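# Reading the structure
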Amino acid sequence: MSVPKNVYVAVIGTGGVGKAFLSQLEALSHRYLSSPTPKTRISLVYAARSSKAVLANAYHDPIPISSWSDSLNSSSTPPLEPPALADFLAKAPAPGRAVVIDNTSNEDIARSYPIFLSKGVSVVTPNKKAFSSDLDLWKAIFAAAANGSGPATAGYIYHEASVGAGLPIISTVKDLIETGDIITRIEGVLSGTMSFLFNSFMPIGGANGGGFSAEVRNARDLGYTEPDPRDDLNGLDVARKCTVLARLAGVPVASPTSFPVQSLIPKELENVKTGEEFVDGLPQFDAQIEAVKQEAAKEGKVLRYVGTVDVTKGECEVGLRKFDPSHPIGGLKGSDNIFSFYTKRYETSPLVIQGSGAGAEVTAMGILADFIKVCGLL
Ligand SMILES: NC(=O)C1=CN([C@@H]2O[C@H](COP(=O)(O)OP(=O)(O)OC[C@H]3O[C@@H](n4cnc5c(N)ncnc54)[C@H](OP(=O)(O)O)[C@@H]3O)[C@@H](O)[C@H]2O)C=CC1
Ligand SMILES: N[C@@H](CC=O)C(=O)O
Ligand code: NA
């Protein structure tokens, strides 16, 4: 009987998405182990939140996945700096190797991916920062990865959940390109938060829309927003997703602030210190967005927040637009995203992907699916 390969997992970030990921990882681990001929054994060797971390005593003595929370809560160890974590994970015994799951939105951790990858440690993440900050970081990540132009001994990088949460967006873009299609335009509602806000604030028929600020609070409480909701409301989250998609499609977008992005943050709240202060201050500006809503309603339209990547022209654009209620974007529900891909093959009738684009469980699913792909490659 063949010996199962060990895959050693380090999880950074145990918030909404991180918790859901660990719970799905535990179930996957049970499924793997209950197979009559287990091929993979998953060992949790590190878990961290911003203030503390827990590290396995040794590779042969991992942290039980079912009690990661107790282990982390009772720890007084601070998180390891990324280079130290990479050194630790690079020593994972063969067969199999280590995978780091970054469930934070931390830019310093994102900047350390090339260090992990060059040491043979794979990275799976929903963190958009790595792929949508400066272009040099993008190039460094893919130059270091085995599934980029790095050596076969390098780690793999997968980031499906960085765009459209669990929806198969990154894999679809890659499949279109690798099979020789030419993407000309991608457009749609790319934010679960923005979708939820406008579907609730201005539902078709105009009935029961609550105040805008109350919907922002709801979106945050439902786990749709970024750790700081201002990163959604300023349009940067959608701009980051457009940047990722554009770069994958071959447009070298310099940064998510290098093209027009409409912010929905009132000027007076631009410089408040915390996300909490921002959410608390928002109700006094409800009248402003209500006026924009009424203007659209007079034309028989609804407001929706959209992103467009015009690959042919090499341009991106992000902002609020008016739609007829009969338009597929006008009729979205809940936190649904919709992505329309126009390509040489899908020229007049686009390839459309629609479904929930935010929330812990659907995001964790995207991360776990990537993790399973990496396990298959190790
Ligand atoms: N929520 C969603 O629907 C989606 C989220 N994403 C992405 O998933 C990621 C996580 O989102 P979400 O779970 O909602 O956010 P949360 O704010 O709920 O969780 C973030 C976690 O990261 C931890 N963290 C932050 N900085 C560090 C650090 N330096 N070292 C270790 N841990 C750190 C936080 O620690 P602490 O607990 O101590 O605060 C927290 O546990 C983000 O990148 C987001 O963009 C992607 C698609 C959808
Ligand atoms: N805050 C984001 C989370 C997923 O990327 C969103 O609302 O879409
Ligand atoms: Na996705």
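This one's a predicted model, so the numbers in the text were calculated from it and none came from an experiment. (Residues numbered from 1 in each chain as written. Chains lettered and ligands numbered in written order. Predicted model: local features only at pLDDT ≥ 70, side-chain atom pairs only at ≥ 80, totals over all residues. Heavy atoms only, no water.)

Another point: the site of ligand 1. The environment of ligand 1 is formed by 23 residues, the closest being Val17, Ser50, Thr104, Glu226 and Gly359. Between Ser50 and ligand 1, the recorded distance is 2.6 Å, taken from a side-chain N or O atom to an oxygen atom. The fraction of the free accessible surface of ligand 1 (900 Å²) that becomes covered by protein chains is 81%. Considered class by class, the residues forming the shell around ligand 1 number seven nonpolar, 13 polar and three charged. When residues of the shell around ligand 1 are assigned to domains, at least three map to each of domain 1 (5-166 + 362-377) and domain 2 (169-356). (Near = heavy atom within 4 Å. Polar contact = N/O pair within 3.5 Å; in protein donor to acceptor, adjacent residues only side chain to side chain. Areas by Shrake-Rupley, 256 points an atom, 1.4 Å probe, with all protein chains shown as cover. Nonpolar A, V, L, I, M, F, W, Y, C, P; charged D, E, K, R; others polar. Domains from an automatic or database assignment.)

Next up on the list: the environment of His60. Mapped onto the elements, His60 comes out in the loop between strand 3 (53-55) and helix 2 (68-73). A C-alpha to C-alpha distance of 42 Å links His60 and Gly275, two positions 215 residues apart in sequence. (Helix = DSSP H or I, 4+ residues; strand = E, 2+ residues; numbered from the N terminus.)

Around the sodium ion (ligand 3), the donor atoms from the protein are Glu160 (O), Glu160 (OE), Val163 (O), Ala165 (O) and Leu167 (O), and they sit 2.3 to 2.5 Å away. Written as a sequence motif, the donor arrangement for the sodium ion (ligand 3) is E-x2-V-x1-A-x1-L. For Ala165, a relative accessible area of 5% puts it in the buried group. (Donors = N, O, S within 2.8 Å, 3.2 Å for Na, K, Ca; no water. Buried < 20%, exposed > 50% of the residue type's maximum accessible area, 1.4 Å probe, protein only.)

Turning to the nonpolar core, a few remarks are in order. By size, the foremost hydrophobic cluster in this structure holds 124 residues, and its most contacted members are Leu89, Tyr113, Phe198 and Phe371. Ranked by residues supplied to this core, first place goes to helix 12 (residues 236-248) with seven residues. Split by domain, the residues of this core number at least three in each of domain 1 (5-166 + 362-377) and domain 2 (169-356). Apart from the residues lying within four places of it in its own chain, the contact partners of Phe198 are Pro203, Phe212, Leu264, Ile289, Leu303, Arg304, Tyr305 and Leu320. (Core = buried A, V, L, I, M, F, W, Y, C linked by side-chain atoms within 4.5 Å. Contact = heavy atoms within 4.5 Å.)

Segmenting the protein chain into domains produces domain 1 (5-166 + 362-377) and domain 2 (169-356). Domain 1 puts 16 residues into the contact, and the matching count from domain 2 is 21 residues. Counting the surface domain 1 buries against domain 2, the share from its top three residues, Lys128, Ser132 and Val163, is 33%. Where domain 1 touches domain 2, the interface holds two salt bridges. In this structure, Asp237 engages Lys128 in a salt bridge whose closest nitrogen and oxygen atoms are separated by 3.0 Å. Scanning the region where domain 1 abuts domain 2 turns up eight residue pairs in polar contact (both at pLDDT 80 or more). Of all elements in the fold, only helix 6 (129-132) and helix 7 (135-144) reach the threshold of two or more residues within the side of domain 1 that touches domain 2. At three residues, the largest contribution of residues to the side of domain 1 that touches domain 2 is made by helix 6. Counted by class, the side of domain 1 that touches domain 2 contains five nonpolar, six polar and five charged residues. (Buried area = accessible area lost by both parts, 1.4 Å probe. Salt bridge = Lys/Arg side-chain N within 4 Å of Asp/Glu carboxyl O.)

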